[in-house]
Amino acid sequence: LPQDPMDFEWSYWIEWGRERILWLLAGHLLVSQMSRLLVEKYKPWCLMVYGMAACWLLLGIKGFAVILLHAAISFAVAQFQLSLLTWLCSLILLSTLRIPAVEETKRKWYDTENEYYLLLFTVSVRCLFCTSFSLEYCWHAPAQKSSHSFPWMLAYVFYYPTFHNGPLVNFDEFSKQMRRQEAFSVKTNLRILIVGIIRIFFWWCLAELMIHLMYIHALYSSALPLESASYWALGGLALAQVLFFYVKYLVLYGVPGLLLQMDGLKPPALPCCVSLMHSFTKMWRSFDVGLHRFLVRYIYVPMGGSQSSLLGTLLSTALTFAFVSYWHGGQSYLWYWGALNWLGVIVESGTKRILSISLIQDLI
């Protein structure tokens, strides 16, 4: 049966995966295992050089220079050790991705629109990695600065499995685990690889079946079938949409997650099945775990989080969702999406606070 081509993200990454990215990931795996076997001490630098070479190959010298420039600027600003200045720098660098003149210049570097989008997606994800490193640099004492050098930033920013689309791993976790030297077992790693490939292949087959049989995205792209559908049908379509989104990210995060395991790192947990969730809070905690950790560590907690007053909690939650909406592109529908999620989390949090009052508990 013909494929539903309307889910841009799935079609885009599967096409790039088949063409080059899977081969480059296989190359990373080979370099990683050889360095673990022969030169464990120099593994971060071997992987850094490989990641830079892969970036150069896919994005060209100009794309590579853009990412290197972002890293250099972030590192330079981090020297002032001011979190507010670091955030300002990160937001300015992120905003350059949406300046029409800059967009047109970058488009001219490539022959196809797909190549430009690869640079766009990669740089937007790298912005989060640069922000994580810079904030950790600001927060650590001078005695610990040796573990936050520019070479370590490059090793983190150019780590290839998470390079184009994540998942997000905070620098403190990455650095701690990458420095840890463990006993290397070829047999154990081979077993992890085989089991992981079988699981990812199953998820990929399931996603392809949904794409070829259900046509969820094609139905969403036309108003006519949606207007004529019953509420039960619309509910079913909405459920099918989020279930496909879940299966899609099992594949998109499953592949780099497997490589993280092979490198001796602990990847963020894969998304939980959306059918098991009934709250906004759980959805945000357990769907994109890496992004959730980033938001909590660098925005929510520094702004006061749940330990502050009611107004402080509202503000820190609002800023968190505002950043998520802006990072995803900042279009009007994303602001609505962020606002509705913020409202859902606030209602749940408020309800929990009310239900924790002893008088209410006695009534229950």
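Note on numbering: residues in each chain are counted from 1, in written sequence order. Only residues with pLDDT of at least 70 get local features here, since the model is predicted, and only at 80 or more are side-chain atom pairs given and counted; chain-wide, interface and lining totals rely on the full set of residues. To get the side-chain values, take all heavy atoms of the structure and skip hydrogens and water.

Cut-off, in case you're wondering: UniProt positions are given in the numbering used here, feature names are shortened, and annotations may be inferred rather than shown by experiment.
Naming follows an unreviewed UniProt entry, where the protein chain appears as HHAT palmitoyltransferase of Brachypodius melanocephalos. Recorded under Subcellular location (unreviewed entry), the UniProt text for the protein chain is reproduced unchanged: "Endoplasmic reticulum membrane".

### Concerning the overall build of the protein chain
How we decide: Per the convention used, a helix needs a DSSP run of H or I reaching at least four residues, while a strand needs a run of E reaching at least two, with both numbered from the N terminus. Each radius of gyration reported is based on C-alpha atoms, and the globular scaling rule is 2.2 Å times the count of residues to the power 0.38. Buried, partly exposed and exposed residues are distinguished by accessible area as a fraction of the type maximum, computed with a 1.4 Å probe on protein chains only: under 20%, between the cut-offs, and over 50%, respectively. By definition, residues are in contact when any of their heavy atoms lie within 4.5 Å. Using the Shrake-Rupley algorithm and a 1.4 Å probe, accessible areas are obtained, with residue cover drawn only from the displayed protein chains. Note that His is not counted, nor are the chain ends; the positive residues are Lys and Arg, and the negative ones are Asp and Glu. A charge is said to be at NZ when it belongs to Lys, at CZ for Arg, at CG for Asp and at CD for Glu.
Within the protein chain, the secondary structure is distributed over 16 helices and zero strands. Relative to the globule expectation of 21 Å for 364 residues, the C-alpha radius of gyration of the protein chain, 22 Å, shows essentially globular dimensions. Dimensions along the principal axes, computed over C-alpha positions, put the protein chain at roughly 60 × 55 × 50 Å. Burial analysis of the protein chain (364 residues in total) assigns 46% to the buried set. The contacts in the protein chain between residues at least 6 apart in sequence include a share of 73% that link residues at least 24 apart. A total accessible area of about 18900 Å² is found for the protein chain, and carbon and sulfur atoms account for 70% of it. Averaging the locations of the 26 positively and 21 negatively charged side chains of the protein chain gives two centres separated by 10 Å.

### Description of the UniProt feature "transmembrane region" (unreviewed entry) in the protein chain
Mapped onto this structure's residue numbering, the UniProt feature "transmembrane region" (unreviewed entry) falls at residues 20-39, 46-69, 75-95, 116-135, 150-171, 192-217, 229-252 and 310-328. The span residues 46-69 is 100% helical and 0% strand by assignment, and the distance between its end C-alpha atoms comes to 21 Å. The span residues 192-217 is 92% helical and 0% strand by assignment, and the distance between its end C-alpha atoms comes to 34 Å.

### Focus on the domain arrangement of the protein chain
How we decide: Domain borders in the structure are assigned automatically or taken from a domain database. As a working definition, buried area equals the accessible area (1.4 Å probe) given up by two parts on being put together, with both sides summed. By salt bridge we mean one thing: a side-chain nitrogen of Lys or Arg within 4 Å of a carboxyl oxygen of Asp or Glu.
Partitioning the protein chain into structural domains gives domain 1 (8-179) and domain 2 (269-363). Listed as interface residues are 18 residues of domain 1 and, on the opposing side, 13 residues of domain 2. Summing both sides of the interface, domain 1 and domain 2 together bury roughly 1400 Å²; the carbon and sulfur share of this comes to 64%. When the area that domain 1 buries against domain 2 is broken down by residue, the three leading residues are W87, R98 and L128, summing to 35%. Our enumeration of links across domain 1 and domain 2 arrives at three salt bridges. In this structure, the salt-bridge partner of R293 is E173, at a minimum N-O distance of 3.5 Å. If you list the elements that add at least two residues to the side of domain 1 that touches domain 2, you get α3 (83-95), α5 (113-139) and α7 (171-179).

### Description of α7
When we look at burial in α7, the residues that qualify are F171, D172, F174, S175, Q177 and M178. Where the residues of α7 are buried, they touch α2 (43-78), α5, α6 (150-157) and α13 (289-300).

### A closer look at the packing of aromatic side chains
Rules: Two rings belonging to Phe, Tyr or Trp (six-membered ring only in the last case) form a pair when the distance between their centres is within 6.5 Å. Interplanar angles under 30 degrees mark stacking, angles over 60 mark edge-to-face geometry, and anything in between is tilted. When the NZ atom of lysine or the CZ atom of arginine is within 6 Å of a ring's centre and also within 35 degrees of its normal, the charge is said to sit over that ring.
For the coordinates displayed, the defined rule picks out 36 aromatic pairs. Taken together, a centroid distance of 5.1 Å and an interplanar angle of 70 degrees make the contact between Y156 and F171 edge-to-face. In this pair, Y156 is assigned in helix α6 and F171 in helix α7, connecting sequence segments 15 residues apart. For the residue pair Y156 and F171, the accessibility class agrees, reading buried in each case. Here the aromatic residues F75, F129, F133, Y137, F150, Y156, Y159, F171 and F174 are joined through ring pairs into a cluster of three or more. Looking at R98, its charged tip hangs above the ring of Y326, at a distance of 4.7 Å from the centre. Against the face of F129 rests R126, its NZ or CZ located 4.0 Å from the ring centre.

### Considerations on the pattern of salt bridges
Scanning the model with the defined rule gives seven salt bridges in all. For D172, the salt bridge is made with R297, and the minimal N-O distance between the two is 3.7 Å. Pair noted here: D172 is in helix α7 and R297 is in helix α13, with a separation of 125 residues, a long-range link. Several salt bridges converge on common partners, so that one network encompasses D7, E9 and K248.

### Considerations on the environment of C127
Tracing the chain through its elements places C127 in helix α5. Taking the relative accessible area as the measure of exposure, C127 reaches 6% and is therefore buried. Spatially, the C-alpha atom of C127 lies 17 Å from that of M48, the residues being 79 residues apart in sequence. Discounting chain neighbours no more than four positions away, the residues touching C127 are H70, L93 and L94.

### Let's talk about the state of the cysteines
The following threshold applies: Any two cysteine sulfur atoms lying within 2.5 Å of each other are counted as a disulfide.
According to the stated counting rule, one finds zero disulfides in the structure shown. Of all cysteine sulfurs in the structure, the one in C272 sits closest to C273, which takes part in no disulfide; the separation is 8.5 Å.

### Thoughts on a nonpolar patch on the surface
Here is the rule we go by: Patches in this entry comprise residues that are over 30% relatively accessible and not in a salt bridge; like charges within 9 Å are linked, as are nonpolar side chains (Val, Leu, Ile, Met, Phe, Trp, Tyr) within 5 Å.
Together, L30, M34, L37, L38, V39, Y42 and V186 give the surface a local cluster of nonpolar side chains, amounting to about 700 Å² of exposed area. Of all the elements, helix α1 (residues 8-38) adds the most residues to the nonpolar patch, at four residues.

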